[in-house]
Amino acid sequence: GDSVTQMEGPVTLSEEAFLTINCTYTATGYPSLFWYVQYPGEGLQLLLKATKADDKGSNKGFEATYRKETTSFHLEKGSVQVSDSAVYFCALILNTNAGKSTFGDGTTLTVKP
Amino acid sequence: DTAVSQTPKYLVTQMGNDKSIKCEQNLGHDTMYWYKQDSKKFLKIMFSYNNKELIINETVPNRFSPKSPDKAHLNLHINSLELGDSAVYFCASSQDRGEREQFFGPGTRLTVL
């Protein structure tokens, strides 16, 4: 079946450090890929997405590129802030699977001043 | 304006009780979902409805019964609550059952004593 594997957390960084959260996937087709962010006490919200190979999604300084050859969608940010502390989820959706999302296990990021 | 709303936000109850969680979306979306998030933040899809029709029904105890009176509402009823049902339950919606981003509600934290 479809699966998403995320870098295990927790991840702790100092403010202005570079962030990478790895995400790889297994799917029986060509899915759309998403990164969601969950701030403490809130629901998930979309951070960025990419719908086909080589697409780059970007938002709020975060970027991720859909790499079909390595089945990856790694999340990066050049300079993190304390306000980026949250749980990050990588997810895929396949049209052929009734729109069912498959989520990774989440990676908790803490940014210290 | 709240896009996806859930009530109640917190629910504390005794084992064996029956409880319901309500969800409403004002986005005009066709598809709605229920997710369970455990204490380790793992997110698992439970059900999905498209235009009031059940399209995803994961391996969930039949004590859990979703109901969609119209496409803007998706409720979750849980019978005979058990300790292991304690979790945060998220409702979400998407434009349709394709490869679309999902919009999440704020969650309902259920605690079974």
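Parameters and conventions
Residues numbered from 1 in each chain as written. Chains lettered and ligands numbered in written order. Predicted model: local features only at pLDDT ≥ 70, side-chain atom pairs only at ≥ 80, totals over all residues. Heavy atoms only, no water. Salt bridge = Lys/Arg side-chain N within 4 Å of Asp/Glu carboxyl O. Helix = DSSP H or I, 4+ residues; strand = E, 2+ residues; numbered from the N terminus. Buried < 20%, exposed > 50% of the residue type's maximum accessible area, 1.4 Å probe, protein only. Disulfide = S-S within 2.5 Å. Contact = heavy atoms within 4.5 Å. Pairing = 2+ DSSP bridges. Axes fitted to C-alpha atoms, helices over the stretch in contact; angles between N-to-C directions. Buried area = accessible area lost by both parts, 1.4 Å probe. Core = buried A, V, L, I, M, F, W, Y, C linked by side-chain atoms within 4.5 Å. Polar contact = N/O pair within 3.5 Å; in protein donor to acceptor, adjacent residues only side chain to side chain.

Quick word on the pattern of salt bridges
Per the stated rule, a full pass over the model turns up 8 salt bridges over all chains. Across the pair Lys100 of chain A and Glu58 of chain B runs a salt bridge, and its minimum N-O distance is 3.2 Å. Of this pair, Lys100 of chain A sits in the loop between β10 (86-93) and β11 (101-103) while Glu58 of chain B sits in the loop between β6 (53-57) and β7 (64-70), placing the two residues on different chains. A salt bridge links Arg100 of chain B to Asp96 of chain B; its shortest N-O distance comes to 3.1 Å. Classification of Arg100 of chain B by relative accessible area gives partly exposed; the value is 34%. According to the relative accessible area criterion, Asp96 of chain B is partly exposed, its value standing at 22%. Residues joined by salt bridges that share partners form a network here, namely Arg63, Glu82 and Asp85 of chain B.

Overview of the state of the cysteines
A complete count under the given rule lists 2 disulfides over all chains for this structure. Note that Cys23 of chain A is cross-linked by a disulfide to Cys90 of chain A, the S-S spacing being 1.9 Å. Handedness here is read from the sign of the S-S torsion; for Cys23 of chain A and Cys90 of chain A, about -70 degrees, the answer is left-handed. In this pair, Cys23 of chain A is assigned in strand β4 (residues 23-26) and Cys90 of chain A in strand β10, connecting sequence segments 67 residues apart. Exposure remark for Cys23 of chain A: the relative accessible area of 1% places this residue in the buried category. Accessibility expressed as a relative area gives 1% for Cys90 of chain A, which makes it buried. For Cys23 of chain B, the disulfide goes to Cys91 of chain B, at an S-S distance of 1.9 Å.

Considering the side chain of Gln25 of chain B
Structurally, Gln25 of chain B is set in strand β3 (residues 19-25). Setting aside residues up to four positions removed in sequence, Gln25 of chain B forms contacts with Ala3, Val4, Met32, Lys71, Ala72 and Ser93 of chain B.

Notes on the pairing of strand β6 (residues 44-50) of chain A
As judged from the 6 bridges shared by strand β5 (residues 32-38) of chain A and β6 of chain A, these two strands associate in the antiparallel manner. By the bridge assignment for β6 of chain A, Leu33 of chain A is matched with Ala50 of chain A.

Quick look at the sheet that holds strand β3 (residues 19-21) of chain A
All names here are of chain A. Pairing in this open sheet of 4 strands is antiparallel, and the strands run β3-β9-β8-β7 from one edge to the other. Only two strands of the sheet have a single neighbouring strand rather than two, namely β3 and β7 (56-59). The mean angle between the axes of side-by-side strands here comes to 15 degrees, regardless of whether they run parallel or antiparallel.

Brief notes about the interface of chain A and chain B
Across the contact, 22 residues belong to chain A and 21 residues belong to chain B. Of the roughly 1,800 Å² buried between chain A and chain B on both sides combined, carbon and sulfur atoms contribute 54%. Counting across the chain A and chain B interface gives 1 salt bridge. Secondary structure elements with two or more residues in the side of chain A that touches chain B: β5, β6, β10 and β11 of chain A.

Quick word on the nonpolar core
Among the nonpolar cores identified, the biggest contains 26 residues, and Trp35, Leu47, Leu48, Phe73, Leu75 and Tyr88 of chain A are the most heavily contacted of them. Those elements giving two or more residues to this core turn out to be β2 (11-14), β3, β4, β5, β6, β8 (62-65), β10 and β12 (107-112) of chain A. Looking at this core, the element that brings in the most residues is β10 of chain A, giving 4 residues. Not counting residues up to four positions away in its chain, the partners in contact with Leu75 of chain A are Leu19, Thr20, Ile21, Trp35, Leu47, Leu48, Phe62, Glu63, Ala64 and Tyr88 of chain A. Membership of the second largest hydrophobic core comes to 20 residues, among which are Val4, Ile21, Trp34 and Ala87 of chain B.

Quick notes on the side chain of Ser101 of chain A
The residue Ser101 of chain A is located in strand β11 in this model. Judged by its relative accessible area of 5%, Ser101 of chain A falls in the buried class. Of note is the side chain of Ser101 of chain A, whose polar atom sits 2.7 Å from the side chain of Gln102 of chain B.

Interpretation note: all reported values are geometric properties and have no functional meaning in isolation.
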